[in-house]
Amino acid sequence: MSHFELVYVGVLWNPYKDYEAHPNAWQIIPLQEAYKYEVDNIGTVDFQFSGSNFFSQADPIVAYYPGAIVEGRVTLPNGQPVAGIRVTLLDQYGIPHNVTYTNSQGYYSLVAVPGNDSIVFSTGPENPIELVGSHELGKVKINVTQNEAMRIPEYYNTTTGLPDYYFVENFQVPTTTLSGSVYLNETSPTGNMTMPIESGTLTLYNSTFNAEFNATVSGGQYHLSDIPAYNYTASVYSDGNNYADVQNISVSIGSNQANVYVALDNLTVKAESNGVDYGGLTVSLSGNGHDLVKRTSANGSAGFEVTPGNYTVSISSPGVFSSEQNVTVSGWGGKKLSVTLEPRLSASIDVSTDARVFNVTVLKDGVQVVGSASNFSGTYSLQVVPGVYTIYVTSGHMSNLTTVKVSGVASEHLVLEPSAYVTLSSYYPGVSSYNWTYEVLGHGAVIGATGNSSSRYYSILLPPLGSYMLSAEGVHSGTVDTSLKPISLQDNYSINMSLASSHSESVFIYNSNASSSYSSSSAVSGGMAVAELDGQPIGFQEVSGQGYATFYLPNGINASSYEYESPYYVVSSAPSGTNSTYIGAEPPDEGCLNACHDLHGKLGQRHRYPVRCEVIHGNAGERHCKCLRDARGLLSGDKFTGVRCERERSHHRCSLQPERIGQRGVAATLHTDC
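Residues numbered from 1 in each chain as written. Predicted model: local features only at pLDDT ≥ 70, side-chain atom pairs only at ≥ 80, totals over all residues. Heavy atoms only, no water.

### Structural notes on the overall build of the protein
Each helix and strand counted, the protein has 3 helices and 58 strands in total. By residue count, 49% of the 674 residues in the protein fall in the buried class. Sequence-distant contacts in the protein: of pairs separated by 6 or more residues, those separated by 24 or more amount to 58%. In the form shown here, the protein has an accessible surface area of approximately 30600 Å², with 48% of it arising from carbon and sulfur atoms. (Helix = DSSP H or I, 4+ residues; strand = E, 2+ residues; numbered from the N terminus. Buried < 20%, exposed > 50% of the residue type's maximum accessible area, 1.4 Å probe, protein only. Contact = heavy atoms within 4.5 Å. Areas by Shrake-Rupley, 256 points an atom, 1.4 Å probe, with all protein chains shown as cover.)

### Looking at the environment of tyrosine 428
In this structure, tyrosine 428 sits in the loop between strand E40 (420-427) and strand E41 (435-442). Sequence-wise, tyrosine 428 and glutamate 473 are 45 residues apart; in three dimensions their C-alpha atoms are separated by 9.8 Å. Sequence-distant contacts of tyrosine 428, defined by excluding residues within four places in its chain, comprise Tyr434, Gly474, Val475, His476, Thr479, Asp481 and Leu499. At a separation of 3.3 Å, a polar atom in the side chain of tyrosine 428 contacts the side chain of aspartate 481. (Polar contact = N/O pair within 3.5 Å; in protein donor to acceptor, adjacent residues only side chain to side chain.)

### Quick word on the environment of serine 381
Examined against the element boundaries, serine 381 turns out to sit in strand E35 (residues 380-384). Distance in space between the C-alpha atoms of serine 381 and serine 348 is 7.0 Å, their sequence separation being 33 residues. If near-sequence neighbours (up to four positions away) are discounted, serine 381 is found in contact with Ile349 and Asp350. In this structure the side chain of serine 381 is engaged in a polar contact, spanning 2.8 Å, whose partner is the side chain of aspartate 350.

### Thoughts on the pattern of salt bridges
Overall, the coordinates contain 4 salt bridges when judged by the stated rule. One salt bridge connects arginine 86 with glutamate 126, and the closest N-O pair in it is separated by 3.4 Å. Remark: glutamate 126 occurs in strand E10 (residues 115-126) and arginine 86 occurs in strand E7 (residues 86-90); sequence separation between them is 40 residues. Arginine 86 gets classed as buried once you look at its relative accessible area, which sits at 8%. With its nearest N and O atoms 3.5 Å apart, the salt bridge here joins aspartate 277 to lysine 270. (Salt bridge = Lys/Arg side-chain N within 4 Å of Asp/Glu carboxyl O.)

### Observations concerning the side chain of glutamate 305
The residue glutamate 305 is located in strand E27 (residues 301-306) in this model. As a buried residue without a salt bridge, glutamate 305 has its nearest oppositely charged side chain in lysine 294, at a separation of 6.1 Å. A polar contact of 3.4 Å, which involves the side chain of glutamate 305, links it to the side chain of asparagine 266. (Lys, Arg positive; Asp, Glu negative; His and termini not counted.)

### Notes on the side chain of threonine 394
Take threonine 394: it is sitting in strand E36 (residues 387-395). The exposure class assigned to threonine 394 is buried, which follows from its relative accessible area of 13%. The contacts of threonine 394, once residues within four sequence positions are left out, are Phe358, Asn359, Ser399 and Leu461.

### Quick look at the sheet that holds strand E46 (residues 493-498)
Backbone-to-backbone hydrogen bonds join strands into a sheet, with any given pair of strands oriented parallel or antiparallel. One open sheet holds the 3 strands; their spatial order is E43-E40-E46, and the pairing between them is mixed. Edge positions in the sheet fall to strand E43 (458-462) and E46, since each of these pairs with one other strand and no more. Neighbour-to-neighbour, the strand axes of the sheet open up by a mean angle of 20°, direction not taken into account. Here E40 runs beside E43; their pairing, made up of 5 bridges, is antiparallel. When the sheet's bridge partners are listed, alanine 420 is paired in E43 with leucine 462. (Pairing = 2+ DSSP bridges. Axes fitted to C-alpha atoms, helices over the stretch in contact; angles between N-to-C directions.)

### So, the sheet that holds E7
Spatial strand order, E8-E7-E10-E11: 4 strands in an open sheet with antiparallel pairing. With one partner strand each, in any of the chains shown, strand E8 (96-101) and strand E11 (133-144) form the two edges of the open sheet. Here the average twist between neighbouring strands, direction ignored, is 20°. Where E10 meets E11, 10 bridges bridge the pair, whose relative direction is antiparallel. Pairing of serine 122 across the sheet is with glutamate 136, part of E11.

### Examining the pairing of strand E49 (residues 536-542)
Both strand E48 (residues 528-533) and E49 contribute to a ladder of 6 bridges, which runs antiparallel. Paired with methionine 528 across the bridge in E49 is glutamate 542. Here E48 folds back onto E49 in antiparallel fashion, the turn holding 2 residues, of which aspartate 534 has a positive phi close to 55°.

### Structural notes on the confidence of the model for the protein
Mean pLDDT over the protein works out to 81, with 83% of the residues at or above the 70 mark. The model gives residues 599-625 a pLDDT under 50, and that stretch makes 72 contacts with residues more than four places away or in other chains. (pLDDT = per-residue confidence, 0-100.)

### Looking at the packing of aromatic side chains
In this description, a pair of aromatic rings is defined by centroid distance and the angle of the planes. Inspection of the entire model under this criterion finds 19 aromatic pairs. Ring pairing ties together the aromatic residues Phe508, Tyr518, Tyr548 and Tyr582, which thus form one cluster. Note that lysine 294 overlies the ring of phenylalanine 304, its terminal NZ or CZ placed 5.6 Å from the centroid. (Phe/Tyr/Trp six-rings, centres within 6.5 Å; stacked < 30°, edge-to-face > 60°. Lys NZ or Arg CZ within 6 Å of the ring centre and 35° of its normal.)

### Things to note about the environment of alanine 112
Within the fold, alanine 112 resides in strand E9 (residues 107-112). Apart from the residues within four sequence positions on either side, alanine 112 is in contact with Gly67, Ala68, Val70, Leu89, Asp117, Ile142, Val144 and Ala149.

### Points about unusual backbone geometry
Of note in the backbone geometry, leucine 131 takes a positive phi value of approximately 60° without being a glycine. Tracing the sequence through the fold places leucine 131 in the loop between E10 and E11. Leucine 131 gets classed as partly exposed once you look at its relative accessible area, which sits at 24%. Of note in this structure, asparagine 375 is not a glycine but carries a positive phi near 50°. The exposed category is assigned to asparagine 375, whose relative accessible area is 63%.

### Overview of the nonpolar core
Membership of the largest hydrophobic core comes to 52 residues, with the highest contact counts inside it found for Ile119, Phe121, Tyr222, Tyr230, Val260 and Val262. Other than its neighbours up to four places away in sequence, tyrosine 230 contacts Leu76, Val82, Ile85, His135, Val173, Asn206, Phe209, Ala211, Ile249, Ser250 and Val251. (Core = buried A, V, L, I, M, F, W, Y, C linked by side-chain atoms within 4.5 Å.)

### Some details on the pairing of strand E44 (residues 467-476)
On a regular strand, each side chain points to the face opposite its neighbour's, so the side chains alternate between the two faces of the sheet. Counting buried positions along E44 yields 7 of 10 residues, so the element is predominantly enclosed. Pairing analysis gives 10 bridges linking E44 to strand E45 (residues 479-488), with the strands arranged antiparallel. Each bridged residue has a counterpart across the sheet, and for alanine 472 the counterpart in E45 is serine 483. Taking the residues between adjacent antiparallel strands as the criterion, E44 and E45 are bridged by 2 residues, where serine 477 takes a positive phi near 55°.

### Remarks on helix H1 (residues 31-40)
When we look at burial in H1, the residues that qualify are Leu31, Ala34 and Tyr37. Burial along H1 is one-sided: seen end-on, the buried residues are contained in an arc of 120°. In H1, those exposed residues whose orientation departs by more than 90 degrees from the buried face are Lys36 and Val39. A positive phi of about 60° marks asparagine 41, the residue just after H1. (Arc of directions from axis to C-beta.)

As structure tokens, this is what we get:
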């Protein structure tokens, strides 16, 4: 209908507004008259009624016109041409006749029929009736005469030389202002955390018109002036990170407010094998401009804040690997995705006893059960990831336990001994149900249990040899209360421990070969930290994937030192700080390690306990290599200096069964070639 205009059609009109009361007053009038009555609000006009179906006087009449030529250019206030703007010509009745779009230079051309026409400039989805976009930028009115529509010139423009039926109608896209705040929204499995992006650059881009505008982000705020009223995609660049296409923003004419949220997605990688979660493992994530490394927490999970894209994840801890897995994160908006990786269990524990039938439990870091068997005979074998493990065996009223560090194959033969039951319970004044943790430290081992019910009893069969430290901890409404009790076990023992106010102490462990201080890059991965009071262990904690552990001790009791145990570092300890203790852990010296392996091979037939190494720094800066027999996890034994080994004896017995982790014996020497 570009060249045709409706010059007559009959339209139903009722002179009354309450037309229901005047059903016989309807009449046919010309369309032009009906539009006038509609504008002047006279009576009721029914434009939807097709009168020609019933009345011959309502039949439409159209006329052909070559059309006046309308041309122009659409630009921004700075003169930049705008492409892709929809230009619609509506005749004097609001009927669309011609639709076109501006070209790459912003130019458009269309034809106009006679009358008081409108040229509408718009963007967005098209209204199928009016052929105008949902986002109207503005309109221009032109009055076209019959001669101009028929292209019959009455005069010529003295400047351009063009006849009067040429119309030039340029249009400047109206500008507006836009301001707001920019936030980083991090998503985790437990909730969201929103924080301002203090500095950077905000970029708005409209792909339809290839229009781009940049604003500086300062103090978490941005402001843009004189930008077109378009629909934009927002991107943010900050601290070397480019967050592309994070949000759509629709800008209308006038002053606009819009906050921009960089809603990172969360990808949780879980290390699990045979139903066991493995903490302290290094997980690598790469792809889409990311190259990240994190360590799994105690529940075997590591969370990554990521942008949309394709990623590859894998486990790559020392001695522990997994196959790579590809993950696609599609779109922004704080999505939560998870993937499970099964670590290849490169270490193993073989347990045997002198009993024909026994029960065995293997606990990672003294608490997490990773394997167990009842009424077992022979050698119990279990594949594990490298780490610190407690092995606990019972048979009737006999028991034994040991805590060992495992990096390869650990063979443990435990001699069962007559034992006594230790039964722990606790009470939290005024609280009937709370989360509790019990720990038992002694006999060269650590072992614990956790629970969260009103039943707070824990019973364990222990060899009655020497002293033990009992620890109880309760958590209620974010408050941690604790209790400690040293005992000398001779017979069955029961205690109900009263939980009292506590304070926290933290220990941070770092690789001293990588750095002289603790940082996120030098932090160790996994292992166990042990708190000591005057040489007596009083608590143990798994070291987190970030290389730290937090202890809660009763008020009035402070640890005097801390020790770090890991299969990948020599025994490391440090005096306790006020609230924080830093331990520089050193990987084993290769020469020392080889010597220890040789020593273990020579002594292996005479002694059932494995040998491990420790590097000692002398006062003059010299380094000595000490090979230590791992007797029930209590690291005391043979010391290698040069080409001789001196075996140290325990304070109490010569059977290599001292009572605590890290105890050093003094004593007679046995010279032998290493």
